[in-house]
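Architecture and fold: a report
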Amino acid sequence: MLFANVNGQKHEATPKTFGICPLCNSTVFSKCGEINVWHWAHQKDEYCDNWYEPETAWHKSWKFVFGKDNCEIIIKREGEKHIADVLTNEGVVIELQNSPMPNHTAVEREKFYREQMIWIINGSHFRNNFTYEASTLSYGEQWYWRNEVVQTEYGIVDKETGELVTQPEKEYNFSWRWPRKSWEYAKRKIYIDFGDEYLFMVTAGMGTNQGKGKLISKKSFLSEHQGNLEFLETLINRN
Ligand SMILES: [Zn+2]
């Protein structure tokens, strides 16, 4: 975890300090080396949350975009408690997943966090096995052919009425060699982060060899979920 309680305050790890784990109340120790992201660890590196995965720079960037008050939030439900990676002001849980996980875990986590939850997966590890291209005749293109529109500085305008119109999002087909099958049963929205300015939102076939998706700019994703746009660059072109 990136934050622990130090003197009653939510604190980042600093060298040679200790704090209290907000989930299990045991003492945690700062780990501030040169290779890993500075974080807090339990004794003997035991984890009190079985959904925990080691912190990476990727986790840190996403958490910091949503800010200290909205990341690593404890959620208690029916005698169970977990640390949600992000909880937005509008009550959406965003779970960040960097590494492969056991088959049942995605479903368990979705069940616990309920409907108001989305996933962001670090796709940089399988970027070379995942390709996508626009559907040969995507909905977006058909729409352009049917509608008399013109691109202006204000956006796309209907030639006849002069009204601003919204362009439908282009659909992409993906093919995924050696897909991470544990995602096959996930039901919540999944966004794959390949490290560029877009997120690939999977609309069909997650965890399988072929499916569909759309590209959503990280900027619009942050706008929708109240992330800090000043930190947008920290999510782009970093690997
Ligand atoms: Zn703990």
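The following refers to the structure shown. (Residues numbered from 1 in each chain as written. Predicted model: local features only at pLDDT ≥ 70, side-chain atom pairs only at ≥ 80, totals over all residues. Heavy atoms only, no water.)

**Description of helix α2 (residues 105–113)**
- Looking at α2, one finds that the buried residues are T105, A106, R109, E110, F112 and Y113. End-on, the buried residues of α2 take up no more than an arc of 165°, which puts them together on one face.
- Contacts from the buried residues of α2 go to β6 (71–77), β7 (80–87), β8 (93–97) and β9 (117–122).
- The first or second residue beyond α2 is R114, which carries a positive phi of 65°. (Buried < 20%, exposed > 50% of the residue type's maximum accessible area, 1.4 Å probe, protein only. Helix = DSSP H or I, 4+ residues; strand = E, 2+ residues; numbered from the N terminus. Arc of directions from axis to C-beta. Contact = heavy atoms within 4.5 Å.)

**Considering the layout of surface pockets**
- The space that makes up the largest pocket amounts to roughly 350 Å³.
- Around the largest pocket, the lining is made up of 26 residues, and of these M1, Y52, E53, P54 and E55 lie nearest the centre.
- Elements that contribute at least two residues to the lining of the largest pocket include exactly β5 (39–41), α1 (57–66), β7, β8 and α2.
- Residue classes in the lining of the largest pocket are distributed as 11 nonpolar, 6 polar and 9 charged.
- Per-domain counts for the lining of the largest pocket show at least three residues from each of domain 1 (1–48) and domain 2 (53–135 + 170–235). (1 Å grid on protein atoms, 1.4 Å probe; cavity = no way out; pocket = protein on both sides within 12 Å on 5 of 7 lines; lining within 4 Å. Points joined across faces, edges and corners; volume = space filled by probe spheres on them. Nonpolar A, V, L, I, M, F, W, Y, C, P; charged D, E, K, R; others polar. Domains from an automatic or database assignment.)

**Focus: the coordination of the zinc ion**
- Those donors, C21 (SG), C24 (SG), H42 (NE2) and C48 (SG), are the protein atoms that reach the zinc ion, and they lie 2.1 to 2.3 Å from it.
- With 4 donor atoms in place around the zinc ion and angles of 105 to 114° between them, the coordination shape is tetrahedral.
- All donors of the zinc ion belong to a single chain; written as a sequence motif, their spacing is C-x2-C-x17-H-x5-C. With C21 in the loop between β3 (18–20) and β4 (27–31) and C48 in the loop between β5 and α1, this residue pair connects regions lying 27 residues apart in the sequence.
- Note on C21: relative accessible area 0%, which makes it buried. (Donors = N, O, S within 2.8 Å, 3.2 Å for Na, K, Ca; no water. Tetrahedral: all angles 85-135°; square planar, octahedral: opposite > 155°, others 65-115°.)

**Looking at the environment of T27**
- For T27, the location among the structural elements is in strand β4.
- In the structure, T27 is positioned 13 residues away from W40 in sequence and 9.5 Å away in space, judged by C-alpha atoms.
- The contact partners of T27, leaving out residues within four places of it in the chain, are F18, G19, I20, H42 and Q43.

**Considerations on the packing of aromatic side chains**
- Tallying each qualifying case throughout the model produces 22 aromatic pairs.
- Ring centres of F3 and F64 lie 6.0 Å apart, and the angle between their planes is 20°; this geometry places the pair in the stacked category. Placement of F3 in strand β1 (residues 3–6) and of F64 in helix α1 is noted, with a sequence separation of 61 residues between them.
- When its relative accessible area of 4% is taken as the criterion, F3 is described as buried.
- Its relative accessible area of 26% is what places F64 among the partly exposed residues.
- Ring geometry for F174 against F200: centres 6.0 Å apart, planes inclined by 80°, an arrangement best described as edge-to-face. Taken together, the residues F174 in strand β14 (residues 171–176) and F200 in strand β16 (residues 198–204) connect sequence positions 26 residues apart.
- Exposure remark for F200: the relative accessible area of 1% places this residue in the buried category.
- Here a set of aromatic residues connected by ring pairs shows up, and it is made of F126, F130, Y132, Y172, F174, W176, F194 and F200. (Phe/Tyr/Trp six-rings, centres within 6.5 Å; stacked < 30°, edge-to-face > 60°.)

**Structural notes on the environment of L232**
- The residue L232 is located in the segment after α4 (218–224) in this model.
- Other than its neighbours up to four places away in sequence, L232 contacts K218, K219 and L222.

**Focus on the sheet that holds strand β15 (residues 189–193)**
- Spatial ordering of the open sheet is given by β6-β7-β8-β9-β15-β16-β17-β14-β10, a layout of 9 strands whose pairing is mixed. Two strands close off the open sheet at either side, each with one partner strand: β6 and β10 (130–134). Taking each pair of neighbouring strands and ignoring which way they run, the sheet shows an average axis angle of 40°.
- Where β7 and β8 come together, 2 bridges link them in antiparallel fashion. Residue pairing for β8: L87 is matched across the bridge by V93.
- Across the face of the sheet, α2 comes into contact with β6, β7, β8 and β9 while running at roughly 90° to β7. (Pairing = 2+ DSSP bridges. Axes fitted to C-alpha atoms, helices over the stretch in contact; angles between N-to-C directions.)

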